[in-house]
Amino acid sequence: MRVLSVHRSAIAAASLALVFSAASGCGGGNDARRHTLSIVFVESWGQDVNSHFMKLATDWGRQNNTDVQVDVIPIRELDLKATAWLQAPRGDLALLPQNLAMVNTDKLRDLSAAVTKLEGSFGGFYNIGEQMARLDGTWYNIPYYAWPHVWFYRKDLVDAAGASLPSTLAEAADLAKRLTDRKSDVYGLGIGLGQDEDFSMFLQTIIWAFGGKVVQADGKTVALNSPEVLAAVNYIMDLYRAGAIPPGALGWDGATNNNLFLGKKIAITANALSIDYVAKRRDPTLYQAIAHSAYPAGPAGRFAFVQTFGWVIKKNSQEAETAERFLSFLYDDARLKELFRIGEGAIAPLQKSAGADRMWSEGRYADAINSVEVARPLGWPGPFTRAAAEVFNRRLVNGIFAKVINDKEDPAAAIAAVTEEIRRVYSQ
Amino acid sequence: MTTTTAAREHQRDRRRSLLLFLLAPGAAFVVAVGFLLALAVWEIWVEPSAHRTSTLSATLRDPDFWWTLERTALFAALVVPLKWALALPLARIIRTAPEKLRWAFILPWVIPPGVATLAWFWLFYDVGGGANLVLAKFGVESRAWLGTPRSAFFICAALNVWREVPLWATAMAPSISGFGGPLEHMAKLDGLSQRERRRLLVRPRLAPLFWALCLLSLIWSIGEFETVWLLTRGGPGNATEFLSVYAFRHAFLSQILGRGAAAYLVALPFVAVSIVAVLTMYSSAVERART
């Protein structure tokens, strides 16, 4: 009896399975197959960008018989979640920092053909976007946007001091010292000197502006220990010793300079345009008093470093074609321009035609697009490499200032010590 | 052999088999790790200046790793005794506090670590932070609390202690409930001094709990990440770069997952020795409490 009941159960299960598979085949042929596309998107502090993107993705999915699942990564969890996505066996499409994507090209699909199809619609990419997307001629990500990095000023304090916005680093240093008012607890230049990303970007730009570099053009020879880099370090230390940079700057995180600028405790800082975005909504008086400019020029010229983001498709994705169709939709010129208008400067385009939009040439954001235009990739003047990414991500060059300030080392000795650490990275 | 004895022996055998079954994977893991570490050490012995190395030997060669291990050991060695020192008086306060207010003492433990850490971060901002505002009221110059290695280290330790002491105290409070009870009254009648009563009555009862809490705290302190990362990101310099921060930096920032895992594998023998030492103390404390 027991054997018979098991036999009956097996027949029932098999029949049910047949019925279900027949029903699923009744929806139509292969063309009408419903797709599922998983997308990972980096949260923007321009919140409207996030909701706009979600709407774009959902609408596209509805029109294209696709279930679109969007996972928005909070900025603070970016490294963790991006790494998890890259290492996971599944996943389709993600917007990732280009420096993170390009050290994991073994997991990513070749997008060269997709780029060739798309590029015509927006006149190509800015140099930094392109350099951070290609390895040995192969495109592994499609550049999407950048977080522009500019200098912020309290225009009211600058005007009160009878000064003007600086165009060189020397002028900027003078202005920062003049604007420092310890009685009112206001510091001239608020920039962290520790582990935060803003300082990494600031320091890299200052080093280039003084003619220094981390690595030579061959991309392998570490060149940090040079008179030019020493000059760059001394420039910052001069401001610190003069009291223009707060004494606790070594302990700042990436949000401290934002908070202190919005709290009117610092007169100048270098940051992405998130300060503008928040000030406009929370403190309109301060917003009117904010001015920003591209990085002042140093002895070697004007430089910038910006964090750039590109779309990647997993090598083993089952929905690669669906992802590429979605990207074609996203990279429509009008759609790109609309996204950046909604972003209000929080994100800047890496596409030349979007960068030529009026919002960038007129009004507040001209310096933002300028920072993208002059930006150099990690490892410049050499090519972008994994070692360059590791040195930047681990904030090794930032460590010079902890040695000088806390360990009381001579700047030249500190630079030499950090150079050795970087050589170990490049030798692996 | 009686039926009862046979049944007891059978039960003991089953327990032993179950224990072996549970411990076998762990033992196999330890043997595998030991083998890999031995290979890495051999690799360094044979080619001390090799550039291309396995992640394990790269970690063994990295002077930053040994600095990190030393810092982590110092951190754990500092916070665990501090918790004990503060938990006992707090446990007494909890016992005597009104019942309706006792829940308040556990709050630091209950508050999400991220929220608590951000509050401490704002407290120790160098510009406009709470601590410096208090100092300013007394005419004292502001300090770079999180910008100086020593103060950053001690603030990380203080935060760790602040969060866990309520847990220790709440766990210990019921164990000290017998103080002043009939047993202690009888001991007083027998002429024992307060010191002798503490040594003979209080300590044996608290010792097992103390070592159990020590073990938990040791494991949590060695693995402390969220609070340290939010507070200092391992800085200034590498003053608070503990094991977890080192592993995170290599795994997720350098995108070399193997180096992150290797850091924990290389630290495993040291951590295991500490845990075994604490477990041994715990077992003797339990034995003494029984007698």
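Everything discussed here concerns the structure shown above.
None of these values were measured; they are calculated from a predicted model.

Scoring rules and cut-offs
- Residues numbered from 1 in each chain as written.
- Chains lettered and ligands numbered in written order.
- Predicted model: local features only at pLDDT ≥ 70, side-chain atom pairs only at ≥ 80, totals over all residues.
- Heavy atoms only, no water.
- Helix = DSSP H or I, 4+ residues; strand = E, 2+ residues; numbered from the N terminus.
- Rg over C-alpha atoms; globule rule 2.2 N^0.38 Å.
- Buried < 20%, exposed > 50% of the residue type's maximum accessible area, 1.4 Å probe, protein only.
- Contact = heavy atoms within 4.5 Å.
- Areas by Shrake-Rupley, 256 points an atom, 1.4 Å probe, with all protein chains shown as cover.
- Lys, Arg positive; Asp, Glu negative; His and termini not counted.
- Charge placed at Lys NZ, Arg CZ, Asp CG, Glu CD.
- Pairing = 2+ DSSP bridges.
- Axes fitted to C-alpha atoms, helices over the stretch in contact; angles between N-to-C directions.
- Phe/Tyr/Trp six-rings, centres within 6.5 Å; stacked < 30°, edge-to-face > 60°.
- Lys NZ or Arg CZ within 6 Å of the ring centre and 35° of its normal.
- Right-handed = clockwise from strand over helix to strand, strands pointing away.
- Patch = residues over 30% accessible without salt bridge, like charges linked within 9 Å, V, L, I, M, F, W, Y side chains within 5 Å.
- Salt bridge = Lys/Arg side-chain N within 4 Å of Asp/Glu carboxyl O.
- Parallel < 35°, antiparallel > 145°, perpendicular 65-115°, else oblique.
- Left-handed = near helix turned anticlockwise from the far one by under 90°.
- Core = buried A, V, L, I, M, F, W, Y, C linked by side-chain atoms within 4.5 Å.
- Buried area = accessible area lost by both parts, 1.4 Å probe.
- Polar contact = N/O pair within 3.5 Å; in protein donor to acceptor, adjacent residues only side chain to side chain.

### Comments concerning the overall build of chain B
Part 1: Counting its regular elements, chain B contains 12 helices and zero strands.
Part 2: Of the regular secondary structure in chain B, the N- to C-terminal order runs α-α-α-α-α-α-α-α-α-α-α-α.
Part 3: Expected size for 291 residues packed as a compact globule is a radius of gyration near 19 Å; at 24 Å, chain B overshoots this value by more than 25%.
Part 4: Each principal axis of the C-alpha distribution contributes one length, and for chain B these read about 70 × 70 × 30 Å.
Part 5: The buried share of chain B, taken over its 291 residues, is 40%.
Part 6: Residue pairs in contact within chain B that sit at least 24 positions apart in sequence constitute 67% of those at least 6 positions apart.
Part 7: In the form shown here, chain B has an accessible surface area of approximately 16400 Å², with 68% of it arising from carbon and sulfur atoms.
Part 8: Here chain B carries 29 positive and 18 negative side-chain charges, and the mean point of each set is 8 Å from the other.

### Here's the deal with the overall build of chain A
Part 1: Along its length, chain A carries 21 helices and 12 strands.
Part 2: Here the C-alpha coordinates of chain A stretch approximately 95 × 50 × 45 Å along the principal axes.
Part 3: Looking at chain A residue by residue over its 428 residues, the buried ones come to 57%.
Part 4: If you take every contact in chain A between residues at least 6 apart in sequence, the share linking residues at least 24 apart comes to 75%.
Part 5: Surface exposure of chain A reaches about 17300 Å², of which carbon and sulfur atoms provide 52%.

### Thoughts on the sheet that holds strand β7 (residues 150-154) of chain A
Residue and element names in this part refer to chain A.
Part 1: Read across the open sheet, the four strands follow the order β8-β9-β7-β10; overall the sheet is mixed. Looking at strand neighbours, the two that pair on one side only are β8 (187-189) and β10 (290-293), the edges of this open sheet. The mean angle between the axes of side-by-side strands here comes to 25 degrees, regardless of whether they run parallel or antiparallel.
Part 2: Note that β8 and strand β9 (residues 266-271) share two bridges and pair parallel. Bridge pairing in β9 places Leu-189 opposite Ile-268.
Part 3: Strands β7, β9 and β10 of the sheet are contacted by helix α12 (residues 274-282), whose axis makes an angle of about 165 degrees with β10.

### Describing the environment of Leu286(A)
Residue and element names in this part refer to chain A.
Part 1: Assignment of secondary structure puts Leu-286 in helix α13 (residues 284-289).
Part 2: By relative accessible area, which is 2% here, Leu-286 ends up buried.
Part 3: In this structure, the C-alpha to C-alpha distance between Leu-286 and Gly-379, residues 93 residues apart in sequence, is 37 Å.

### Some thoughts on the packing of aromatic side chains
Part 1: Applying the stated criterion across every chain, the model contains 47 aromatic pairs over all chains.
Part 2: For the ring pair Trp151(A) and Tyr153(A), a centre distance of 6.4 Å and an interplane angle of 40 degrees mean the geometry is tilted. For the pair Trp151(A) and Tyr153(A), one class covers both residues: buried.
Part 3: Ring-pair connections join several aromatic residues into one group, and the members of that group are Phe41(A), Trp45(A), Phe53(A), Trp60(A), Tyr144(A), Tyr145(A), Trp147(A), Phe309(A), Trp311(A), Phe326(A), Phe329(A) and Tyr331(A).
Part 4: One cation-aromatic arrangement involves Arg143(B) over Trp145(B); the distance from NZ or CZ to the ring centre is 5.8 Å.

### Focus: the pairing of strand β1 (residues 35-42) of chain A
Residues and elements named next belong to chain A.
Part 1: Counting buried positions along β1 yields six of eight residues, so the element is predominantly enclosed.
Part 2: Where β1 and strand β2 (residues 66-73) come together, eight bridges link them in parallel fashion. Counted as the bridge partner of Ile-39 is Val-70 from β2.
Part 3: A crossover connection joins β1 to the parallel β2 through helix α2 (residues 47-63); in handedness this β-α-β unit is right-handed.

### A look at a positive patch on the surface
Part 1: A cluster of basic side chains, namely Arg92(B), Arg195(B), Arg198(B), Arg199(B) and Arg203(B), defines a positive patch on the protein surface.
Part 2: Ranked by residue count, the leading element in the positive patch is helix α9 (residues 194-222) of chain B, at four residues.

### A short note on the packing of helix α10 (residues 227-241) of chain A against helix α21 (residues 411-427) of chain A
All names here are of chain A.
Part 1: Viewed as axis vectors pointing N to C, α10 and α21 meet at an angle of 120 degrees, and their least axial separation amounts to 10 Å. As the angle between them shows, α10 and α21 are arranged oblique. Pair α10 / α21 crosses with right-handed handedness. Only Pro-411, Ala-412 and Ile-415 of α21 make contact with α10, whose side of the interface consists of Val-229, Leu-230, Val-233 and Asn-234.

### A closer look at the nonpolar core
Part 1: Core analysis: the biggest nonpolar cluster contains 210 residues, and Trp151(A), Leu193(A), Leu224(A), Trp311(A), Tyr331(A) and Phe401(A) have the highest contact counts within it.
Part 2: No other element matches helix α3 (residues 63-96) of chain B, which puts 11 residues into this core.
Part 3: Residues within four places of Tyr331(A) in sequence aside, it is in contact with Leu118(A), Ser121(A), Phe122(A), Phe125(A), Ile142(A), Pro143(A), Tyr144(A), Trp311(A), Leu336(A) and Gln351(A).

### Quick look at the interface of chain A and chain B
Part 1: Taken residue by residue, the interface counts 35 residues in chain A and 31 residues in chain B.
Part 2: Buried area between chain A and chain B, summed over both chains or domains, comes out near 2800 Å², and the portion from carbon and sulfur atoms is 54%.
Part 3: The largest per-residue losses of area from chain A upon contact with chain B belong to Gln195(A), Arg394(A) and Gln428(A), which jointly make up 20% of the total buried on that side.
Part 4: Remark: the boundary between chain A and chain B carries zero salt bridges.
Part 5: Remark: the boundary between chain A and chain B carries 10 residue pairs in polar contact (both at pLDDT 80 or more).
Part 6: Counting only elements with at least two residues in the side of chain A that touches chain B, the list comes to α3 (78-87), α11 (256-262), α19 (386-393) and α21 of chain A.
Part 7: No other element matches the five residues that α3(A) contributes to the side of chain A that touches chain B.

### A closer look at the sheet that holds strand β12 (residues 348-349) of chain A
Residues and elements named next belong to chain A.
Part 1: Within the open sheet, the six strands sit side by side as β2-β1-β3-β11-β6-β12. Their pairing is mixed. Two strands close off the open sheet at either side, each with one partner strand: β2 and β12.
Part 2: The sheet contact formed by strand β6 (residues 142-147) and strand β11 (residues 307-313) spans five bridges and is antiparallel. Each residue of the ladder has a partner; that of Tyr-145, found in β11, is Phe-309.

### Regarding unusual backbone geometry
Part 1: Cis geometry is found at the peptide bond from Trp380(A) to Pro381(A), where omega equals 15 degrees.
Part 2: Geometrically, the link from Gly235(B) to Pro236(B) is a cis peptide bond, its omega value of -5 degrees lying close to zero.
Part 3: Even without a glycine there, the phi angle at Asn65(A) is positive, about 55 degrees.
Part 4: In this fold, Asn65(A) is placed in the loop between α2 and β2.

As far as function goes, none of this settles anything; it's purely spatial.
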